[in-house]
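# Overview (structure and organization)
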Amino acid sequence: MKVLVIGGGAREHALCRSLSLDPDVTALHCAPGNAGIAEVAELHPVDQLDGAAVAELATGIGAELVVVGPEAPLVAGVADAVRRAGIACFGPGKEAAQLEGSKAFAKDVMAAAGVPTARSYVCTTAAEIDEALDAFGAPYVVKDDGLAAGKGVVVTGDLAAAREHALACGRVVIEEFLDGPEVSLFAITDGETVLPLQPAQDFKRALDDDEGPNTGGMGAYSPLPWADPKLVDEVMASVLQPTVDELRRRGTPFSGLLYAGLAITSRGVRVIEFNARFGDPETQVVLARLKTPLSRVLLHAAKGTLDAEPPLTWRDDAAVTVVVASHNYPDTPRTGDPIEGLDAVAADDAPHAYVLHAGTKRDGDAVVSAGGRVLSVTATGKDLVEARERAYRAVGRIRLDGSQHRTDIARKAAEA
């Protein structure tokens, strides 16, 4: 089939890489893509938020499946426009995508579905904010209600900083702090059948040992050797299936990728947040381990026939991703710096390690930085120790002036 992927980050590069290796995919397109995706897919310029433009592009190239990667186009209703054009689309419609687009909406769905989550208040005034912060106490968890590219959440013991962030958000969700390790679990769904993927863990803070500001994610690993083997089944029963059932009951069925960000607390599993798309950088490690051809599963989800899909199959390998970010990220990043060493990774580290592009573009013969998170260096190995060694060896070959990366991705899990 002909497939069109919408987006231009490392998540979309991971999707395109998997689809390019899929024998069922006869032509692969991406819009707008990036310098790395150009090596495996034909790129097209498009306004990702313009549903009519995306549908026109899909029609023009004869796409039989459109995969919408980022959250903003989903919340803008791009998947609806593609489906109205008669083309199968992987990704929820505008109303169902509010599960990520509005944290208050997500809390309402969870309450109705009986999904375990943190107690919370939705606040719109300074008085409500002060009351909520006082009610929960430190550490304070303050979440912008809308989309914020993974950086709208502040967790801090500083009351003034929590209040400042809350006041800057407009509508804000303030909730109790959840103790325990965090887990990301993806599930593919057609609005009725739910097919879970393997869990992963990502690293949100910019610096080693979870110091520094929140980011969109600085690395990830899978599997989780410390997690309960029954975790996926438990989350399926208590979180994923009830959420999908509740959205269908409301008349806004969720078809696409449902991402549950979880805390494994002393009182059991609790949902931190939902996303309406593949997470970045967790997608990079989860797809590195997926053996089932990806296009068939996504098409079944898009067409409402996921019940015909057998359980997913997985490689035994572990996978680790390390994000290489620009100077000054997550604040305004410096861009335009040349990236060197990509050919060395391809020559010396493949197939066990490879580079997925995020914020990159071509400048003549050179590849230069074009965003905050620039590259996701991904590696597989027989266990996390070997996957880490391979990932960091590849990171060491890359030269990007002023770049930064964490040195402790998956370290504790590998040492356990």
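Above this text you will find the structure in question.
Let us look at the structure shown here.

Scoring rules and cut-offs
Residues numbered from 1 in each chain as written. Predicted model: local features only at pLDDT ≥ 70, side-chain atom pairs only at ≥ 80, totals over all residues. Heavy atoms only, no water. Phe/Tyr/Trp six-rings, centres within 6.5 Å; stacked < 30°, edge-to-face > 60°. Helix = DSSP H or I, 4+ residues; strand = E, 2+ residues; numbered from the N terminus. Buried < 20%, exposed > 50% of the residue type's maximum accessible area, 1.4 Å probe, protein only. Lys NZ or Arg CZ within 6 Å of the ring centre and 35° of its normal. Contact = heavy atoms within 4.5 Å.

## Things to note about the packing of aromatic side chains
For any two aromatic rings, the description comes down to two numbers: the centre-to-centre distance and the angle of the planes. Across all of its chains, the model carries five aromatic pairs by this definition. With a centroid separation of 6.2 Å and 35° between ring planes, the pair formed by F90 and F278 is classed as tilted. Of this pair, F90 sits in strand β5 (residues 88–90) while F278 sits in the loop between β17 (268–275) and α10 (282–289), and the two are 188 residues apart along the sequence. For F90, a relative accessible area of 2% corresponds to the buried category. For the ring pair F203 and Y221, a centre distance of 6.1 Å and an interplane angle of 45° mean the geometry is tilted. Here F203 is found in the loop between β12 (201–202) and β13 (205–207), whereas its partner Y221 is found in strand β15 (residues 219–222), with 18 residues between them in sequence. F203 gets classed as buried once you look at its relative accessible area, which sits at 10%. Overall, Y221 belongs to the buried group, its relative accessible area being 2%. One cation-aromatic arrangement involves R17 over Y354; the distance from NZ or CZ to the ring centre is 3.6 Å.

## A short note on the environment of G170
Examined against the element boundaries, G170 turns out to sit in the loop between α8 (159–169) and β9 (172–175). Judged by its relative accessible area of 41%, G170 falls in the partly exposed class. The sequence separation of G170 and A325 amounts to 155 residues, and the corresponding C-alpha distance is 29 Å. Setting aside residues up to four positions removed in sequence, G170 forms contacts with C123 and T124.

Treat this as a map of the structure, not an account of what it does.
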